[in-house]
Every structure is written in C-alpha cells, then in structure tokens.
Amino acid sequence: FMNTFKYEGLTFDDVSLITQYADFLPGDTDISSRLTRNVSVKIPFLSAAMDTVTEGRMANAMAMMGGIGVIHKNLEPEVQAQQVSRVKHHLNGLISDPITFSTNDTLETIAIRRAEKGYSFNGFPIMDNDGKLVGILTSKDIRFSRSKRASVTDIMTKNVITASPDTNLKQAYEIMQEHKIGKLPLVDKGKLVALYSYADVRRLIENEEPLFNRDEQYRLRVAAGVGPGDYERAEILNDREVDVLVVDTAHGHTKGVIDMVSWVKNKFPHIDVIGGNIATGEAALALRDAGADAVKVGIGPGSICTTRVVAGVGIPQISAIYAAASALKGEIPVVADGGIRNSGDIAKALVAGADTVMMGSVLAGTEESPGEKIIYEGRQFVIYRGMGSLDAMKSREGSRQRYGLSDDDDIVPQGIEGMVPFAGTVSKVMKQYCGGLQASLGYCGARTIPELKSTGKFVRVSGAGAVEAHAHDIKITKEAPNYRR
Ligand code: RVP
C-alpha cells in the first residue's frame, strides 16, 4: 500500500526560484533553447496544437518571433498541409504572381498602367503573344531610352537569366549576386511561373531580423500535429516540408503513440518527432527508445483541461516535468505543455527540467489566433476551447482520436470551452513573456537557458507564501500587460 503514493505532486505555485549572484543585466541573457534533437528555437515557446490557437497565421507569427507553432490536426490532412505550406512560403521572397507586360506595349502604355496601379518597382518580365518570356524591362532600359513611345521590344533586355521553378532563396541570391541582376524569373518550358526580386531576397538573406526561426533555406519553421496511425496525414505533411511532427495525444505512454513515433522516424528520418503527452520517467524513456527527438509533458495542467477531475488522473506539472527530465538526463529535450499563466511560470518549468514551453491560453487571446473574437459586457474576448471539449470533439475526427473514441461512443469530454481576454498581437504578448523570462535569468544569475537548468534552485512555497506572491491587500485599478490572476 505504501507504494501507492509514488511521490508528491508539485506545481507552479508550490515553488519559487532562489536568487543567485549575477554580474550582468537581464537584457544580456540569451533565451534560445533546444526544441528537439536537431531543431533549435530562438525563444523557448511553442503555440499549442489546438483549433482555437494554432493555424497558419499563428505559426507565422510564432516563427517570426523565434519560436514555433504546431498546427492542429482537427483539420482535414490536406487543409492542415496547406497551413504548413503557408508558413513555409511566407518569407520566401518569391513573387508567385508577377506583374508582366507584353511585346505590344510601349513605354507610354507601361507608364500609364504603372501610374494607374501605383507600381513603384521596376523590372517587369515581358511576354510575347504566346505567353512566353522574351525579355525583362529594367529601370536602366527605361532610363536610357530616348523616346517615350519606344516599343518595349526595342529597349528591353533580351538575354534574360532565368532559373528552374525549384530554385530556393539561397540559390536565387547566389545567381543574382553573380550576374548582378535585380530580377530572377523562374521559368518552366518557357513559361514564367514566379519571380525573385533582389531587394526582397537580399533583405531575407542578409538577415535584418535575426530573431526569425528559419530552416537552412531561410524559410520559417513550422510543426504539425498527427495522431497514432495517421500515416496519410504524416505523408502529406512531409510533402509540404513540415519541420517537426508532434504525435499529439492525451496519453503518450501507449502502444499507439510509441508505434507512430517509430513509424515516422523510420519513414521520414529527416523530420524530428515529438511524442506526448506524458508525465513520468518511464514514459519518457519509452518514447526515447522509440526514436522520439523530444517528449512533451503535461497530463492535466491545461487551463481548459478537466482530465484530472473527469478521470482523476495526472501529475502536477512541476513534478511531471522533473520526472521526465530526470529520467532523460538531457539526452533529448522536454517540452512542458500546459498550465503556463504568467511569465514566471516559464523559468520554473525550465528549472524543473523543460527546454521549451507550449502555451494555449496565453496565445488564444491574440489577434493571430483562429478563435472567434467576441464582445462580452463591452470588452473584447476570444473563444478558447479544449481539444477534448464537447464541441471540439464533435467537430472533427482528430479530437475523437486523441481521446480514443469511436464515432458511436457517447462523448465524455475532458475539456471545457470558454473565453480569454483579447490580448493584442502575438508580438506584444511574446515580448512580455521574453522580458519576464530574461528577468528570471537575471535573478537566478544564469546567462543562458542551459545555465539556468543546471544552476536554478527552488524553494517550496507555503500557502501563505503563495498568497504573498500575488498582488494583495489592494484593489487593482490599472491593468498590467503581464499580470493576470
Ligand atoms: P494552457 O496553456 O494551460 O491553456 O494548456 C494548453 C494545453 O492543454 C494544450 O497544449 C494541450 O496539451 C492541453 N489540452 C488541449 N485540450 C485539452 C483538453 O480539452 N483537455 N487539453
């Protein structure tokens, strides 16, 4: 009987971090981290794979801040894959529908159309009457022409340097550098399919925004959820070049998840796989042995999750992270999923052993979330629901699968639906969370996340200590951008 009580379950409010000597300022800290065995993030944040949190727009915003979004699987595989594509092509510098002119045009007709449409750029592909690319009209061609009425065919640059449709940003940059050209048309059998513009390509390659989370080809990174046995979905997502697959279930210490993780690893060794969710060391090791490149921890901590009440199962999140991370000993990273309310919770999750955190409610209220925006008592809110809530379960196959229900089963929800206050843009919210985390590192005397993980220490917090931690003995009259109770 004594063995029935494995250990005590602690969560965020049960612990607080101890200050340690620092000889630097919070702004000097580096909060990049490991997401999986082979993929890193510049900020340690993932947006949750939920239908009111992450679709293409959220995933774009997360990757542009340096984190990553996990596109939920309550979508038909093809639709989910389109969302992945949207992220992969968001910053590729490729103009897929370029403005062109024809050999029948003159400088005058072009000038009129440019003024009408307000085109401020130069370098137009010129097409013949069969729709074939025959030249490019550059700013130089226009500037050195003697007559306004000159026919395009007489002044355009005829020896056009082109490339094949699969040319990536980096290759385009090299070609344009070598030939000193401002436009690079991508051509398939004489037909123009897209165009690179040097100004865009250069901006993306020469990296004005060092924060972007990008792959080797300078495209934003994106992750997507799959279920056990979701082979077809995984194949389609692989075709669209997803960076990371997350085998996304409520109980990851199962044959279904273990088999799926090893299937994905065997079939697509180039894609990193995260398995979850789990809350024990045994589960972490089982997923590692199956080939997982990271594990995701969280059974029941989610703000919209009722698993602990409905099933009586789960482990308070700090203890769950600690159990998984201690078993893994840093061999593969740990994602702490669920229960993050304020920025201070993040450093606690990291010190307990996590490498990154996944957030639902924190991001559900943003502009970029797909959740419905509503007005309630004169204020703006956004609908946020658990993937195990009644409506999410009814809406799609994906959720039923997550909770292991067949079509005929009566639905037993393990989540609820509600609303969170509108929070502005992802960038605004993430800046608060990054700043909060940097403050944690400063207090703990750690310049980096690996340092925080190895030197961070907790104190246990009493009930009175938890009350003291929050604003107390005052009525709040002005909202802070980073505090909610
Ligand atoms: P939170 O950030 O506390 O809102 O939690 C989000 C996490 O909750 C998700 O990433 C997922 O692991 C979990 N979740 C999602 N749906 C449900 C449910 O309906 N029980 N739980």
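Residues numbered from 1 in each chain as written. Predicted model: local features only at pLDDT ≥ 70, side-chain atom pairs only at ≥ 80, totals over all residues.

The name recorded for the chain in an unreviewed UniProt entry is Inosine-5'-monophosphate dehydrogenase, from Pontiella agarivorans. Under the heading Sequence similarities (unreviewed entry), UniProt records this for the chain: "Belongs to the IMPDH/GMPR family." Comment text from UniProt for the chain, heading Catalytic activity (unreviewed entry), reads "IMP + NAD(+) + H2O = XMP + NADH + H(+)". (UniProt positions renumbered as here; feature names shortened; annotations may be inferred.)

*Asks:* Quick question: what am I supposed to make of the UniProt feature "binding site: IMP" (unreviewed entry) in the chain here?
*Replies:* According to UniProt, the "binding site: IMP" (unreviewed entry) feature falls on Ser303, Asp337, Gly338, Gly339, Gly360, Ser361, Tyr384, Arg385, Gly386, Met387, Gly388 and Gln414. You can see Ser361 is positioned in helix α14 (residues 361-364). Under the C-beta neighbour-count criterion, Ser361 is labelled buried, with 22 such atoms within 10 Å. Non-local contacts of Ser361, meaning those with residues more than four positions away in its chain, are made with Ser303, Tyr384 and Val420. With respect to the helices, strands and loops of the structure, Tyr384 is situated in strand β19 (residues 379-385). The residues touching Tyr384, leaving out its near neighbours within four places in the chain, are Thr52, Ile304, Ser361, Ala364, Gly371, Gly418, Met419 and Val420. (Helix = DSSP H or I, 4+ residues; strand = E, 2+ residues; numbered from the N terminus. Buried ≥ 20, exposed ≤ 12 C-beta atoms within 10 Å, placed from the backbone. Contact = placed C-beta atoms within 7 Å.)

*Asks:* Can you walk me through the pairing of strand β12 (residues 223-226) in this structure?
*Replies:* The side chains of a regular strand alternate between both faces of the sheet. The side-chain alternation of β12 yields two buried faces, one formed by Ala223 and Gly225 and the other by Ala224 and Val226. Taken together, the two bridges between strand β5 (residues 68-71) and β12 define a ladder with parallel strand orientation. Counted as the bridge partner of Val70 is Ala223 from β12. With four bridges joining them, β12 and strand β13 (residues 244-248) adopt parallel strand pairing. Within β13, the residue paired with Ala223 across the bridge is Val244. Assessed by its sense of winding, the connection that carries the chain from β12 through helix α8 (residues 231-239) to β13 is right-handed. (Pairing = 2+ DSSP bridges. Right-handed = clockwise from strand over helix to strand, strands pointing away.)

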